[in-house]
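The residues making up each chain are set out below.
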Amino acid sequence: MTKPDSRVSAPRPLALARWLLFVAGLVIVMVVVGGVTRLTESGLSITEWKPITGTIPPLTESQWQSEFEAYQRIPQYTQVNGPAGMTLDDFKYIFFWEWFHRLLGRIIGLAFALPLAWFWIKRAIPQGYHLRLLGLLALGGLQGAVGWWMVKSGLTNDVKVSHLRLATHLSLALTTLALLVWTALDLRAHARGEPRSRLTGFAAIAVLGLGVQLFYGALVAGLRAGYVAGAGWFEWSAWPLMQGKLFPAGVDLAKGALHAMVADPYLVHFIHRWWAWVVVALLVVLSRKLRPLERRASLAIHTAFGTQILLGIATIWSGMAIWLAALHQLTGALLLASTVWGAHILGRQHR
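Residues numbered from 1 in each chain as written. Predicted model: local features only at pLDDT ≥ 70, side-chain atom pairs only at ≥ 80, totals over all residues. Heavy atoms only, no water.

Participant: Got a minute to help me understand the packing of aromatic side chains in this structure?
Facilitator: The geometry of two aromatic rings is summed up by the distance between their centres and the angle between their planes. Counted under the stated rule, the structure contains 20 aromatic pairs. On the basis of an interplanar angle of 35° and a centroid distance of 5.3 Å, the ring pair of Y71 and F91 is categorised as tilted. Of this pair, Y71 sits in helix α2 (residues 61–71) while F91 sits in helix α4 (residues 88–121); the two residues are 20 residues apart in sequence, bridging distant segments of the chain. Members of the aromatic cluster, joined through ring pairs, are W64, F68, Y71, Y77, F91 and F95. Geometry around F202 places K289 over its ring, the cationic atom sitting 5.8 Å from the centre. (Phe/Tyr/Trp six-rings, centres within 6.5 Å; stacked < 30°, edge-to-face > 60°. Helix = DSSP H or I, 4+ residues; strand = E, 2+ residues; numbered from the N terminus. Lys NZ or Arg CZ within 6 Å of the ring centre and 35° of its normal.)

Participant: Explain helix α5 (residues 130–152) to me, please; I cannot follow it from the model alone.
Facilitator: Two residues of an α-helix separated by three or four positions point the same way, owing to the 3.6 residues in each turn. The end-to-end C-alpha distance of α5, which contains 23 residues, comes to 34 Å, matching closely the 33 Å that a straight helix rising 1.5 Å per residue would cover. Within α5, burial applies to L133, L136, L139, Q143, V146, G147, W148, M150 and V151. Contacts made by the buried residues of α5 are with α1 (13–39), α4 and α6 (163–191). (Expected span 1.5 Å × (residues − 1). Buried < 20%, exposed > 50% of the residue type's maximum accessible area, 1.4 Å probe, protein only. Contact = heavy atoms within 4.5 Å.)

Participant: Would you take a moment to explain the side chain of Q143 for this structure?
Facilitator: Mapped onto the elements, Q143 comes out in helix α5. If we ignore the near neighbours within four places in the chain, the residues touching Q143 are H169, L172 and A173.

Participant: It is not clear to me how the nonpolar core should be interpreted in this structure. Could you clarify?
Facilitator: Side chains of nonpolar character tend, in soluble globular proteins, to be buried together. W19, F91, F112, L133 and L177 are the most contacted members of the largest nonpolar core, which has 106 residues in total. Each residue touching L133, except ones within four places of it in the same chain, is listed here: L16, W19, L20, F112, L116, I125 and T183. (Core = buried A, V, L, I, M, F, W, Y, C linked by side-chain atoms within 4.5 Å.)

Have a look at this one:
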């Protein structure tokens with residue numbers, strides 16, 4: 001009788017699921033740091049893409065001066081920060097956030113690629129998941145390329161990055177997060193001997209509706225549209241109104257309504273603000289459907305969207321306080337993960 005080869009491992013779906021959820025957690029951290037990077041106008045502080053050598057920040061005064069001189073050649077400095085009197089210490093602050101954001105991207109890449117290689121060599125990946133995991137790895141690489149594509153848009157002709165490229169960058173990160181969570185849940189189901197789930201029916205509508213809202217949140221960030229409503233704690237003219245009106249004055253329709261829907265800060269903010277209630281209605285129904293199946297998922301969705309609404313209002317009233325805006329972005333990522341969890345549960349019921 002032939003003995004089994006002890007060097008070959010059996011599939012380990014639960015270990016893979018835990019690994020993917022850990023990577024998903026890192027992506028959530030990355031999303032928050034990316035939000036802070038945008039809010040502090042730090043994204044253009046590093047003017048070159050150095051995937052390997054860029055891991056190490058400037059260590060000497062001459063290296064700092066070299067980085068600062070490179071930054072002084074781009075429009076953001078010559079037109080905005082230079083006239084405002086930016087010092088080297090000011091530059092070091094914004095440099096930190098962009099460097100940290102890129103460092104997290106490298107860490108996430110290693111945290112995915114190295115364990116994937118190990119699981120692959122050990123033959124611990126269940127049949128049917130190899131291409132999906134390679135696809136997730138490719139999405140991570142694409143995210144890095146899209147990030148640099150976004151940065152390049154602000155290095156020559158503008159004082160900030162393209163808001164559409166920023167929205168693409170964030171949307172890709174959130175799509176990757178959703179797929180990481182979904183794949184982890186599929187692997188957990190595999191370990192229980194259950195089939196994969198499918199995104200169908202009402203759950204698909206809810207996820208799509210939330211996706212539109214998150215995309216508009218990215219446009220708001222890219223256009224700095226959070227500032228156009230006004231500010232002041234419990235100031236009703238800033239929320240629920242915008243500058244004292246239900247529909248804000250100042251919307252520019254000169255290039256057409258479709259252009260304004262993705263480029264005018266007043267209209268983008270208006271859509272983001274009121275589409276949120278469509279999403280709330282969708283998520284309430286989704287949670288109701290989930291309650292008899294998995295009460296924890298229903299509670300997670302309710303908690304996440306309730307917190308998200310309060311943080312969004314508080315962010316406007318505060319005049320876009322960075323810590324509130326960062327928490328708002330964090331909760332948006334957690335809401336997406338919770339919604340994916342709920343959609344996965346409903347999808348299993350239709351198999």
